[in-house]
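# Fold and geometry: a report
Residue-level listing of the chains:
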Amino acid sequence: MRESPESPGTFAERVQFYQDQAEQLLNRHGREFVSFVTGKENLANIGDTYLRTYEATGYNILNRRMDMPLASNQPLIFYGNYIGRTHHFGLLLATMEQERIITPDQVRFGVRGAKVLHDPEWGREAPELAQAGIIQRINPQGEISEDPILQSIEAVIIFSLSINDPEQVLGIARFLRQKAKQNEPGAIEGSNVDPDIRATVVLRDVLPESEFPSAIANIRSIGQAQVVVLRKETKFIHPWKAMQIEANEELVGYVVGEGVLP
């Protein structure tokens, strides 16, 4: 992949370097979704409304749009996982460096809150990673159900790329899809059953449609804070801003699950 100078330090030191950055995020923001959305309850209430009415399988809350700038016109890839998995982020990024897939100057961290409908196939997440709960949903026929949810804080790795280096873009996207997937051979410790990989639309012609189909990020802002709802095709109307993005096929499949239309 990339021809770049060696990063300073041993592999273990590079793991610690990135783990320290993730731990700083953890110390600053904690693990509790309810605490994270304090002062942004209006956005969380909007997200809950879409969950309750079969308009979403989940949503994200951002303190600042720069924590996951999906609407950017720059070539960016985003990878998210539970904020408590600091060693995972260290291992992941140090391995990508070691394999010359990335250079340190291309990486920064953001943070987001997440509330999602819980898929039993994920297993039971440890309480220090995510808080389990129940949400009452009402389907179009007026039937009410009690559905399990997970609330969490997630760290987001933001990879800054060049559109003129499609080999690196593909290298990062495919590494995340294969090595940040729990049951794949050689998966990085702490990976989820399916990864959460998103990319700005600038990379549409670089990422293969079969692996990274298009989706719609519906974004609603109040000041710098945002609520983000992903759908496969549906664009919400004003005051929402609907942006095309790219995402791994597992994530796109999830956003149309649980009775939610495309």
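Everything that follows concerns the structure shown earlier in this document.
Before going into details, it helps to say that this report is about the structure given with it. (Residues numbered from 1 in each chain as written. Predicted model: local features only at pLDDT ≥ 70, side-chain atom pairs only at ≥ 80, totals over all residues. Heavy atoms only, no water.)

Our next topic: the overall build of the chain. A count of helical and extended segments in the chain gives 6 helices and 9 strands. Here the chain has a C-alpha radius of gyration of 18 Å; the compact-globule value for 262 residues is 18 Å, and the two agree. Taken along its principal axes, the extent of the C-alpha atoms in the chain is 60 × 40 × 40 Å. Split into buried and exposed, the 262 residues of the chain put 54% on the buried side. A separation of at least 24 residues holds for 75% of the contacts in the chain among residues at least 6 apart in sequence. Looking at the chain as shown, the accessible area adds up to about 11,800 Å², and 50% of this sits on carbon and sulfur atoms. Taking the average location of the 26 positive side-chain charges in the chain and that of its 35 negative ones, the two points are 5 Å from each other. (Helix = DSSP H or I, 4+ residues; strand = E, 2+ residues; numbered from the N terminus. Rg over C-alpha atoms; globule rule 2.2 N^0.38 Å. Buried < 20%, exposed > 50% of the residue type's maximum accessible area, 1.4 Å probe, protein only. Contact = heavy atoms within 4.5 Å. Areas by Shrake-Rupley, 256 points an atom, 1.4 Å probe, with all protein chains shown as cover. Lys, Arg positive; Asp, Glu negative; His and termini not counted. Charge placed at Lys NZ, Arg CZ, Asp CG, Glu CD.)

For an α-helix, the turn length of 3.6 residues means that residues three or four places apart are oriented alike. Taking 1.5 Å of rise per residue, the 19 residues of helix H1 (residues 11–29) would be expected to cover 27 Å, and the 27 Å separating its terminal C-alpha atoms lies within 8% of that figure. Of the residues making up H1, those classed as buried are Arg14, Val15, Tyr18, Gln19, Ala22, Leu25, Leu26 and His29. Projection of H1 onto a plane perpendicular to its axis shows the buried side chains occupying an angular sector of 125°, all on one side. Residues of H1 that are exposed and angled more than 90 degrees away from the buried face: Ala12, Asn27 and Arg28. Residues of H1 that are buried make contact with helix H2 (33–36), helix H4 (86–98), strand S3 (107–117) and strand S5 (144–160). In the segment just after H1, Gly30 is the residue with positive phi, at about 70°. (Expected span 1.5 Å × (residues − 1). Arc of directions from axis to C-beta.)

On to the pairing of strand S4 (residues 130–138). The side chains of a regular strand alternate, first on one face of the sheet and then on the other. Both S4 and S5 contribute to a ladder of 9 bridges, which runs antiparallel. Paired with Arg137 across the two strands is Ser145, which belongs to S5. Hairpin geometry of S4 and S5 is characterised by an intervening segment of 5 residues between the two adjacent antiparallel strands and by a positive phi of about 85° at Gly142. (Pairing = 2+ DSSP bridges.)

For strand S2 (residues 76–82), a buried count of 7 out of 7 residues is recorded, marking the element as mostly surrounded by other parts of the structure. Across 7 bridges, the pairing between S2 and S5 is antiparallel. When the bridges of S5 are listed, Gly80 appears paired with Val156. Bridge analysis of S2 against strand S6 (residues 196–200) gives 4 bridges, and the strand direction is antiparallel. Across the sheet, residue Phe78 finds its bridge partner in S6, namely Arg198.

All right, on to the environment of Gly58 then. Note on placement: Gly58 falls in strand S1 (residues 58–62). Distance from Gly58 to Lys115, taken between C-alpha atoms, is 5.4 Å for residues 57 residues apart in sequence. Sequence-distant contacts of Gly58, that is, excluding residues within four places in its chain, are made with Leu51, Lys115, Val116 and Val229.

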